[in-house]
Amino acid sequence: MLLAVALALLLAQGVSALLLYRAQAERREAMQISAAAFRLLRASRTGEIDRPPWGLAGSRGRGFRIERGTSSPLQLGETRDAAGEASLRQMLVDQDVDVSEIMVIRRPVDHDPLALGRIAERSDRFGRQYGPAPDRLLVAAIHLPEGEWLVARVFVPPGEPMLIASLIGQTLLIYAVLVGAIALMLRRITRPLATLTGRLERFADTRDAGGQLAPEGPDDIRRLIIAHNAMEGRIAALLDEKDVMLGAIGHDLKTPLAALRVRIENVDDERERSRMAATITDITQSLDDILSLARAGHAREAREMTELSALVASLVEEYEDMDEPVTLETCGRIVLPLRATWLRRAIRNLIDNALRYGHSARVSLGREGPSAVIRIDDNGPGIAEHDMARMFEPFTRGDPSRNIGTGGAGLGLALARAIAEQHGGTLVLTNRRAADGGTAGLTAILRLPLG
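In this report, the structure presented in the accompanying data block is examined. (Residues numbered from 1 in each chain as written. Predicted model: local features only at pLDDT ≥ 70, side-chain atom pairs only at ≥ 80, totals over all residues. Heavy atoms only, no water.)

Some points on a nonpolar patch on the surface
A cluster of nonpolar residues, Leu3, Leu7 and Leu10, forms a patch on the protein surface that exposes about 320 Å² of accessible area. Mapped onto the elements of the fold, Leu10 is located in helix H1 (residues 2-46). (Patch = residues over 30% accessible without salt bridge, like charges linked within 9 Å, V, L, I, M, F, W, Y side chains within 5 Å. Areas by Shrake-Rupley, 256 points an atom, 1.4 Å probe, with all protein chains shown as cover. Salt bridge = Lys/Arg side-chain N within 4 Å of Asp/Glu carboxyl O. Helix = DSSP H or I, 4+ residues; strand = E, 2+ residues; numbered from the N terminus.)

Put into structure tokens, the structure is as follows:
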């Protein structure tokens with residue numbers, strides 16, 4: 001807004017200065033034409049060849065005798081001032097002066113010997129120059145019916161530096177007053193908005209309702225802050241209520257599951273006992289995933305500076321110790337603030353998916369611009385493009401070609417993406433293409449901001 005106001009002021013001042021400068025220039029030109037017309041009019045009626053005394057006001061610009069002659073004053077290569085001729089003709093017509101031709105010429109002083117002589121004469125007479133020497137000359141001539149030319153010369157005074165200085169001073173004053181006042185008003189509006197934005201970002205990251213903002217600024221901004229504080233309090237209360245409810249559900253479900261695990265030890269059929277234990281394990285794992293997914297969006301743990309490369313390498317080592325086909329390809333050293341327990345679970349879910357559907361996993365870690373990028377590649381059949389977005393929905397599993405009999409509740413990708421977003425990052429899936437145009441496998445790309 002300040003830039004827009006400054007540009008608008010610059011445009012307005014530019015137009016104003018241009019109009020004022022043109023008006024001043026036209027006024028000076030009119031005064032020069034009027035001076036020449038007065039002297040020509042006097043000479044045509046009285047026959048006197050005047051020379052104003054040096055002491056008269058303005059005599060510095062009109063210290064010439066009227067020149068009489070039979071030849072035109074127009075020099076080779078000069079152009080005539082049509083507008084000046086029209087103005088001079090109108091002045092003479094108004095005074096009933098009969099002329100056959102009018103000529104107005106603007107020429108450099110150094111092209112007129114008479115003008116150079118007058119300047120030199122003045123310098124010799126007064127011993128010094130008064131003000132800057134003029135460099136332009138107005139030559140006005142009328143051709144009388146008798147065939148005689150009357151020629152008057154008028155010095156064109158230099159431009160008015162004070163006019164430019166006053167315009168610059170006026171512009172600076174207007175800028176200082178208006179832009180300064182607008183800056184103060186905008187600061188009063190934007191400072192509480194900037195504070196509110198920071199508060200929103202912190203609340204989105206921590207879900208902590210403590211430290212709410214005190215209302216400040218204009219009335220509408222104060223009302224916005226009050227409404228935000230109320231909304232923030234309601235959201236925090238709902239999240240706390242949900243946490244209590246989830247904790248109760250987890251406790252109430254895990255207790256009977258633990259009791260069932262004890263009771264199945266009394267089952268004599270070992271095969272049936274194993275199947276029952278596996279079912280209880282699946283239910284417990286699904287329950288853990290559901291609770292983790294519900295809590296991932298508002299984790300209360302603080303981030304700690306963690307060496308991401310060491311975390312990824314330790315995860316791969318765990319799978320290698322279990323003889324799983326997991327390899328670590330590239331792993332540059334990267335340190336950034338993380339919730340290590342959560343991120344470890346997200347990477348583990350992605351590796352498990354790669355093993356489940358692609359029978360192998362290749363893990364790499366690198367730096368791309370402002371992000372740390374973890375890639376997990378498998379050699380599976382990939383995912384149809386139209387199903388990519390659906391795979392991130394909770395309780396969604398792949399089609400039968402992704403080996404539906406391997407188990408899982410369809411929460412791994414949803415939880416991994418929630419953990420990525422918890423860290424301000426993203427998780428995307430993409431199919432790799434083989435040389436023949438087919439699918440060579442799936443790549444999961446987890447990006448985390450370095451800041």
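Some thoughts on the packing of H1 against helix H2 (residues 82-94)
Look at H1 against H2: their axes get within 10 Å of each other, and the N-to-C directions meet at 45°. On the basis of the axis angle, H1 is oblique to H2. The way H1 lies across H2 gives a crossing that is right-handed. Residues Ala30, Ile33, Ser34, Ala37 and Leu40 of H1 lie in contact with H2, whose contacting residues are Gly84, Ser87, Leu88, Met91 and Leu92. (Axes fitted to C-alpha atoms, helices over the stretch in contact; angles between N-to-C directions. Parallel < 35°, antiparallel > 145°, perpendicular 65-115°, else oblique. Left-handed = near helix turned anticlockwise from the far one by under 90°. Contact = heavy atoms within 4.5 Å.)

Concerning the packing of aromatic side chains
Within the structure shown, the criterion is met by 0 aromatic pairs. Arg356 extends its terminal NZ or CZ atom over the ring of Tyr357, reaching a point 5.9 Å from the ring centre. (Phe/Tyr/Trp six-rings, centres within 6.5 Å; stacked < 30°, edge-to-face > 60°. Lys NZ or Arg CZ within 6 Å of the ring centre and 35° of its normal.)

Examining the nonpolar core
Ranked by size, the top nonpolar core spans 39 residues in total, and within it Leu308, Ile347, Ile351 and Ile374 carry the most contacts. Sorting the residues of this core by element identifies helix H7 (308-321), strand E7 (335-338), helix H8 (340-358), strand E8 (361-368), strand E9 (371-377), helix H9 (412-422), strand E10 (426-433) and strand E11 (439-449) as the ones contributing at least two each. In terms of residue count, H8 provides more of this core than any other element does, 8 residues in total. Non-local contacts of Leu308, meaning those with residues more than four positions away in its chain, are made with Ile334, Leu336, Leu338, Leu343, Leu365, Ala372, Ile374 and Leu448. Leu41, Val97, Val99 and Val154 belong to the second largest nonpolar core, which has 21 residues in total. (Core = buried A, V, L, I, M, F, W, Y, C linked by side-chain atoms within 4.5 Å. Buried < 20%, exposed > 50% of the residue type's maximum accessible area, 1.4 Å probe, protein only.)

Section: the environment of Leu287
By secondary structure assignment, the location of Leu287 is in helix H6 (residues 270-296). Looking at Leu287, the relative accessible area reads 8%, which means it is buried. A sequence separation of 37 residues divides Leu287 from Gly250, and the C-alpha atoms of the two residues are 7.2 Å apart. When neighbours within four sequence positions are excluded, Leu287 is seen to be in contact with Gly250, Leu253 and Lys254.

Examining H9
Three- or four-residue spacings in an α-helix give side chains the same orientation, since the helix completes a turn every 3.6 residues. Of all 11 residues making up H9, 8 are buried, and the element is well covered by its neighbours. When H9 is considered as a whole, its buried residues turn out to be Leu413, Ala414, Leu415, Ala416, Ala418, Ile419, Ala420 and Gln422. At the exit of H9 stands Gly424, carrying a positive phi of roughly 80°.

Focus: the pattern of salt bridges
By the definition in use, this model includes 18 salt bridges. Taking the shortest distance from any N to any O, the salt bridge between Glu148 and Arg68 comes out at 3.0 Å. With Glu148 in the loop between strand E3 (136-143) and strand E4 (149-156) and Arg68 in strand E1 (residues 67-69), this residue pair connects regions lying 80 residues apart in the sequence. Residue class for Glu148 comes out partly exposed when judged on its relative accessible area of 24%. One network of salt bridges, in which partners are shared, links Glu67, Glu78, Arg107, Asp112 and Arg153.

Thoughts on the side chain of Glu232
Counting through the fold element by element, Glu232 comes out in helix H5 (residues 219-263). Side chain to side chain, Glu232 and Gln212 meet in a polar contact 3.4 Å long. Leave out the neighbours within four places in its chain, and Glu232 touches Arg199, Phe203, Ala209 and Gln212. (Polar contact = N/O pair within 3.5 Å; in protein donor to acceptor, adjacent residues only side chain to side chain.)

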